Structure formats: C-alpha cells, structure tokens
Amino acid sequence: MITVYSIPNCPWCHKVKKYLELKEKAFTEINVEEDEAGRAELFKLTNQLNVPVAKINQNIVIGFDKEKIDEYLALK
Amino acid sequence: MKLLTKPQKILDLLIIGAGMAGLTAGIYAARMKLDTLILEDQLIGGQIIDAYGIENYPGFHSIKGSHLIEKIEEQTLHSGAKIDEFDRIISVKLTDAEKTIETQSAIYKPKAVIIAAGMDRRKLPVVEEKHFRGKGIHYCELCDGHLYQGKTIAVVGGGNAAVDAANFLNKYAKKIYMIHRSAGLTASTLPQEKLRNNPKVEFLFNTNILKASGAFSLESVVLEDLLTKKQRILPLDGIFVNIGVVPKTELYQNDIELDAALHIKAGETCETNIKGVFAAGDIRTKLIRQLTTAAADGTVAALLAEKYITQKERGNKV
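The rules behind each value
Residues numbered from 1 in each chain as written. Chains lettered and ligands numbered in written order. Predicted model: local features only at pLDDT ≥ 70, side-chain atom pairs only at ≥ 80, totals over all residues. Heavy atoms only, no water. Pairing = 2+ DSSP bridges. Helix = DSSP H or I, 4+ residues; strand = E, 2+ residues; numbered from the N terminus. Axes fitted to C-alpha atoms, helices over the stretch in contact; angles between N-to-C directions. Contact = heavy atoms within 4.5 Å. Parallel < 35°, antiparallel > 145°, perpendicular 65-115°, else oblique. Left-handed = near helix turned anticlockwise from the far one by under 90°. Buried < 20%, exposed > 50% of the residue type's maximum accessible area, 1.4 Å probe, protein only. Polar contact = N/O pair within 3.5 Å; in protein donor to acceptor, adjacent residues only side chain to side chain. 1 Å grid on protein atoms, 1.4 Å probe; cavity = no way out; pocket = protein on both sides within 12 Å on 5 of 7 lines; lining within 4 Å. Points joined across faces, edges and corners; volume = space filled by probe spheres on them. Nonpolar A, V, L, I, M, F, W, Y, C, P; charged D, E, K, R; others polar. Core = buried A, V, L, I, M, F, W, Y, C linked by side-chain atoms within 4.5 Å. Disulfide = S-S within 2.5 Å. Buried area = accessible area lost by both parts, 1.4 Å probe. Salt bridge = Lys/Arg side-chain N within 4 Å of Asp/Glu carboxyl O. Expected span 1.5 Å × (residues − 1). Patch = residues over 30% accessible without salt bridge, like charges linked within 9 Å, V, L, I, M, F, W, Y side chains within 5 Å. Areas by Shrake-Rupley, 256 points an atom, 1.4 Å probe, with all protein chains shown as cover. Lys, Arg positive; Asp, Glu negative; His and termini not counted. Charge placed at Lys NZ, Arg CZ, Asp CG, Glu CD. Phe/Tyr/Trp six-rings, centres within 6.5 Å; stacked < 30°, edge-to-face > 60°.

Novice: Sorry, what's going on with the sheet that holds strand β4 (residues 59-62) of chain A here?
Specialist: Strands in a sheet are paired, the pairing made by backbone hydrogen bonds, and the direction either parallel or antiparallel. Residue and element names in this part refer to chain A. One open sheet holds the four strands; their spatial order is β2-β1-β3-β4, and the pairing between them is mixed. Strands at the two margins of the open sheet, each flanked by one partner only, are β2 (28-31) and β4. Ignoring which end each strand starts from, the neighbouring axes of this sheet average 20 degrees apart. Across the sheet, helix α3 (residues 66-74) is in contact with β1 (2-6), β3 (53-56) and β4; its angle to β4 comes to roughly 165 degrees.

See below:
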C-alpha cells in the first residue's frame with residue numbers, strides 16, 4: 001500500500017505522483033494542507049511536515065528519491 | 001565510466017535540461033525530424049516553476065510559471081521530442097568526434113548535444129546550512145511555505161525571486177523579515193510596491209546572516225549590520241533563500257570552456273569549443289537572461305544543431 005503526503009501546487013509532490021503513475025502503482029494521496037488528521041499522521045511518521053513524503057508499505061521516502069522509491073517498490 | 005551492462009542508445013540530438021531553452025530546442029529539433037531526447041533530473045520548467053505571475057512573456061497578460069511550462073511541455077511532446085525526467089546523468093565525455101552521456105540507465109551516443117541545464121539556487125552561505133536544510137532553511141516556498149502558518153520567517157535576497165517569494169509566503173506567515181546585503185531591493189517596481197505596503201513585512205537592509213541556530217530545527221539566526229558591524233540574534237522559525245543562482249556546469253568542466261562565473265563560453269550562435277555541442281539559455285555567457293532570450297537560444301541551438309548533423313552526415317567539413 002502506498003500513501004503520498006503532499007500539498008497542491010508542490011512541484012516535487014507532483015513529480016513523486018507522476019513517477020508512481022509511470023510505474024503503474026496505485027496510491028492514496030493525503031493533502032496535508034487541508035487534512036488535519038493527515039498532517040498529524042505525517043508528523044507522527046517523520047517528525048516533520050516537509051512534503052512530499054511517500055509511505056511505501058512501512059517504508060518512508062522524504063522528498064523525491066527515485067532510488068529509494070525503486071528499492072521499496074521492489075520489496076514484497 | 002561504467003560501460004558494462006547499460007544499453008547504448010544512438011540518437012540525433014540529446015538536450016540536457018527541460019527549462020525554457022531546452023524545451024524550445026526540443027520543439028524546433030523534433031519539427032525538423034531529428035530524433036530528440038530531453039533529459040531533466042530536476043523539475044521540468046526549471047526556475048520558471050517558481051514564478052507566480054509572468055507578465056513579460058509574449059502572448060499572455062499574466063501567467064503562472066507552472067501553467068506556462070505545462071503548455072510548452074505539451075507542445076514539445078506534441079512536436080515529437082521525448083522527455084525523460086526520471087533519469088540522471090552520471091558522466092559526460094564530449095569531443096569533436098564523439099559525444100557520450102552516461103545516465104543511471106543508459107549510455108547515449110548523440111550526434112549533437114545542446115546543454116540547457118540552467119542554474120541552481122545559491123545556497124545560504126552559513127556553515128549550518130546543510131544541518132538546517134529542510135528544517136528551517138528552505139529553497140522552495142511552493143513546497144514548504146505551508147509549514148509556516150502563523151510563524152515568523154525571513155526571506156533572504158532582494159531580487160524578483162525573493163520579493164515574489166515574500167509576497168507568496170504572506171498567506172502563511174504572521175511576520176516576514178526581508179534580509180538583504182544591499183541597501184535596497186532590486187526587484188521590479190510592482191511586486192516591490194506590493195511588498196512595501198504589507199504591514200507584516202520588515203526590511204533589514206545592509207544585513208548579513210552569520211550563523212543559524214536551533215536544537216532540532218531552526219530557532220534563530222545571528223545578523224550582522226554591514227554598516228555598523230553590530231551583531232544581534234533574531235528569533236526565526238524559517239528562512240527562504242533567494243540569493244541568486246549558479247550555473248549547473250560541473251559535469252562539463254573537463255570538456256567545455258567556462259568563463260570565470262562558470263557559465264559555458266558560447267556566443268549568439270550557442271556554439272561551444274566542441275563541435276556539435278551547443279549551450280542554450282541561462283547557462284551560456286550572455287548579458288541578458290530572460291525567458292524570451294532562453295527561448296531564442298533554444299531556437300538558434302536547435303537550428304544550428306540540425307545544420308551540423310546534416311553537414312556531418314553529408315561528409316562535409318563542419
């Protein structure tokens with residue numbers, strides 16, 4: 001399961017989502033600018049509120065990090 | 001170079017960078033039926049992405065940078081050029097006879113190359129910068145501005161990018177300090193007026209940041225008044241840095257001649273010291289750096305790249 005924590009108009013958030021789409025991976029998106037529970041969840045996960053953050057199963061990727069995304073997508 | 005297992009790809013034209021110059025070059029090249037690939041490992045659009053309202057690009061009274069670039073990207077793809085924004089260049093070897101660009105996933109052997117890689121934001125020159133990057137020191141207000149709802153922040157810089165950033169961040173912050181080394185702003189009149197009329201904004205001119213401090217994230221900075229040399233501590237939750245840009249030329253410095261400011265030496269024809277390698281946009285030595293001049297460079301570079309390829313294939317001396 002993949003969750004992307006993002007905000008609207010954030011170009012790096014857009015890039016993470018575009019990459020997951022290219023890889024044909026379904027994901028849930030949480031807009032932390034509007035979703036307070038999602039914002040709290042993001043802080044609990046990463047101890048910060050920078051976006052984008054991708055949660056791939058239980059693994060966290062902060063920012064757009066292609067190598068880490070690929071690595072975590074490859075894990076079963 | 002690690003040349004063992006990666007596929008080798010031969011193509012007509014490789015364009016490095018998908019900003020205004022690179023995309024324009026892509027449109028022209030693809031329309032001339034060159035097999036064209038544009039590589040971009042950051043954001044398509046480059047510096048334009050951060051522009052909130054562009055009012056000097058022909059065809060639009062005012063357009064957001066991200067909207068303008070969406071249109072140009074779509075036009076580039078429609079023209080037939082390919083864009084890869086998920087691969088990264090590892091090494092480059094450029095000679096008159098051969099051009100080799102190794103990325104994470106392939107080795108490209110193009111007949112001609114246009115370097116339109118643009119510029120990187122200059123980092124805040126304090127030793128604590130790396131420690132606080134993303135934890136109080138930021139370079140993308142669109143991405144990180146939301147972190148500072150009701151907080152006290154500073155924007156460092158005095159040009160258009162800094163003033164635009166401060167005007168944008170106004171919707172989040174309760175207080176904004178504009179910190180600039182010079183005696184005044186150099187931004188365009190209209191956005192500057194908007195900022196000057198904002199009661200939340202306090203201007204700290206002739207001021208330098210010497211040090212950043214905080215337990216986990218940024219909590220304060222040490223400022224120096226450049227006129228009196230007095231220092232003081234200013235509590236801050238965040239800093240957005242807009243103090244100029246530096247050319248992204250590190251990959252090419254072994255093969256391509258650079259000027260003292262690290263721009264690629266190339267004149268109006270965009271030709272570099274290597275035959276078949278062109279430099280377009282802000283990365284090139286030039287007096288005026290605007291979207292329109294970047295588009296002009298992309299045009300010139302693509303047309304001359306096509307001429308170079310055609311002449312070479314005919315066996316003429318180029």
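Novice: Is there a simple way to explain the packing of helix α1 (residues 20-31) of chain B against helix α2 (residues 65-79) of chain B in this structure?
Specialist: If you want to describe how two helices pack, look at the angle between their axes and the distance between the axes. Residues and elements named next belong to chain B. Their axes nearest at 8 Å, the elements α1 and α2 cross at an angle of 25 degrees. Comparing their axes, α2 and α1 come out roughly parallel. Crossing angle aside, the handedness with which α1 passes α2 is left-handed. Every residue of α2 that contacts α1 at Met20, Leu23, Gly26, Ile27, Ala30 and Arg31 is listed here: Leu68, Ile69, Ile72, Glu73, Gln75, Thr76 and Ser79.

Novice: Just checking my understanding: could you explain the side chain of Thr100 of chain B for this structure?
Specialist: Residue and element names in this part refer to chain B. Here Thr100 is to be found in strand β5 (residues 99-103). Residue Thr100 is classed as buried on the basis of its relative accessible area, which comes to 7%. Of the polar contacts made by the side chain of Thr100, one reaches the side chain of Lys109; its length is 3.0 Å.

Novice: So what exactly am I meant to see when it comes to the layout of surface pockets here?
Specialist: Empty space left among the atoms is revealed by rolling a probe the size of a water molecule over them. Its boundaries defined by the atoms lining it, the second largest pocket holds a volume of some 550 Å³. Those elements that provide at least two residues to the lining of the second largest pocket are α1 (11-22) of chain A together with α2 of chain B. When residues in the lining of the second largest pocket are grouped by element, the largest group, five residues, is from α2 of chain B. Tallied by class, residues from the lining of the second largest pocket come to twelve nonpolar, four polar and eight charged.

Novice: Looking at this structure, I do not really get the sheet that holds strand β10 (residues 175-179) of chain B. What am I missing?
Specialist: Residues and elements named next belong to chain B. Across the sheet, five strands lie side by side as β8-β15-β9-β10-β11; this open sheet has parallel pairing. Two strands bound the open sheet, and with one partner strand each, they are β8 (137-138) and β11 (201-204). On top of the sheet, helix α5 (residues 160-169) reaches β9 (152-156), β10 and β15 (238-241); it is set at about 160 degrees to β9, its chief contact.

Novice: Mind showing me how you'd approach the nonpolar core here?
Specialist: Most often, soluble globular proteins keep nonpolar side chains buried together rather than apart. Residue and element names in this part refer to chain B. Among the nonpolar cores identified, the biggest contains 38 residues, and Leu13, Met20, Ile54, Leu68 and Ile114 are the most heavily contacted of them. Broken down by secondary-structure element, the contributors of at least two residues to this core are β1 (8-16), α1, α2, β6 (107-115) and α7 (291-313). The biggest single contributor to this core is α7, with eight residues. Discounting chain neighbours no more than four positions away, the residues touching Leu68 are Met20, Ile54, Tyr57, Phe60, Ile63 and Leu291.

Novice: Please explain the state of the cysteines as it appears in this structure.
Specialist: Every disulfide links exactly two cysteines, by a covalent bond between their sulfur atoms. Applying the stated rule across the entire model yields two disulfides over all chains. Between Cys10 of chain A and Cys13 of chain A runs a disulfide, and the two sulfur atoms are separated by 2.4 Å. Judged by the torsion about the S-S bond (80 degrees), the Cys10 of chain A/Cys13 of chain A disulfide is right-handed. Take Cys10 of chain A and Cys13 of chain A: they sit in the same class, and that class is buried. Two residues share a disulfide in this structure: Cys140 of chain B and Cys143 of chain B, whose sulfurs sit 2.3 Å from each other. The sign of the S-S torsion, about 65 degrees, decides the handedness of the disulfide formed by Cys140 of chain B and Cys143 of chain B: right-handed.

Novice: What's the story with the interface of chain B and chain A in this structure? I'm lost.
Specialist: For interface size, the figure often reported is the accessible area lost on association. Facing 21 residues of chain B, the contacting portion of chain A comprises 19 residues. When the two sides are added together, the surface that chain B and chain A hide from each other amounts to roughly 1,700 Å², 55% of it contributed by carbon and sulfur. Three residues, Leu43, Phe86 and His146 of chain B, lead the burial of chain B against chain A; their summed loss comes to 39% of the area buried on that side. One salt bridge connects Glu73 of chain B with Lys18 of chain A, and the closest N-O pair in it is separated by 3.3 Å. Across the chain B-chain A interface, the total number found is eight residue pairs in polar contact (both at pLDDT 80 or more).

Novice: What should I look at first to understand α1 of chain B in this one?
Specialist: Spacing of three or four residues puts side chains on the same side of an α-helix, whose turn is 3.6 residues. All names here are of chain B. Here α1 contains twelve residues, and its C-alpha end-to-end distance of 17 Å stays within 8% of the 16 Å for a straight helix at 1.5 Å per residue. The buried fraction of α1 amounts to ten of the twelve residues, a majority that puts the element mostly inside the structure. Residues Met20, Ala21, Gly22, Leu23, Thr24, Ala25, Gly26, Ile27, Ala29 and Ala30 constitute the buried set of α1. Here the buried face of α1 lies against β1, β2 (36-39), α2, β3 (82-84), β6 and α7. Positioned one or two residues after α1, Lys33 has a phi angle of 65 degrees, which is positive.

Novice: Hey, could you run me through a negative patch on the surface in this one?
Specialist: Residues and elements named next belong to chain A. Residues Glu33, Glu34, Asp35, Glu36 and Glu41 make up a contiguous surface patch of negative charge. Tracing the backbone through its elements, the reader meets Glu41 in helix α2 (residues 36-46). Assessed through its relative accessible area of 37%, Glu41 is described here as partly exposed.

Novice: Is there a simple way to think about the packing of aromatic side chains in this case?
Specialist: The geometry of an aromatic ring pair is captured by two quantities: the separation of the ring centres and the angle between the planes. Residues and elements named next belong to chain B. According to the stated counting rule, one finds seven aromatic pairs over all chains in the structure shown. Measuring from centroid to centroid gives 6.0 Å for Phe168 and Tyr172, while their planes differ by 70 degrees, and the two rings are edge-to-face. In this pair, the class of Phe168 matches that of Tyr172, namely buried. On the basis of an interplanar angle of 25 degrees and a centroid distance of 5.6 Å, the ring pair of Phe203 and Phe205 is categorised as stacked.

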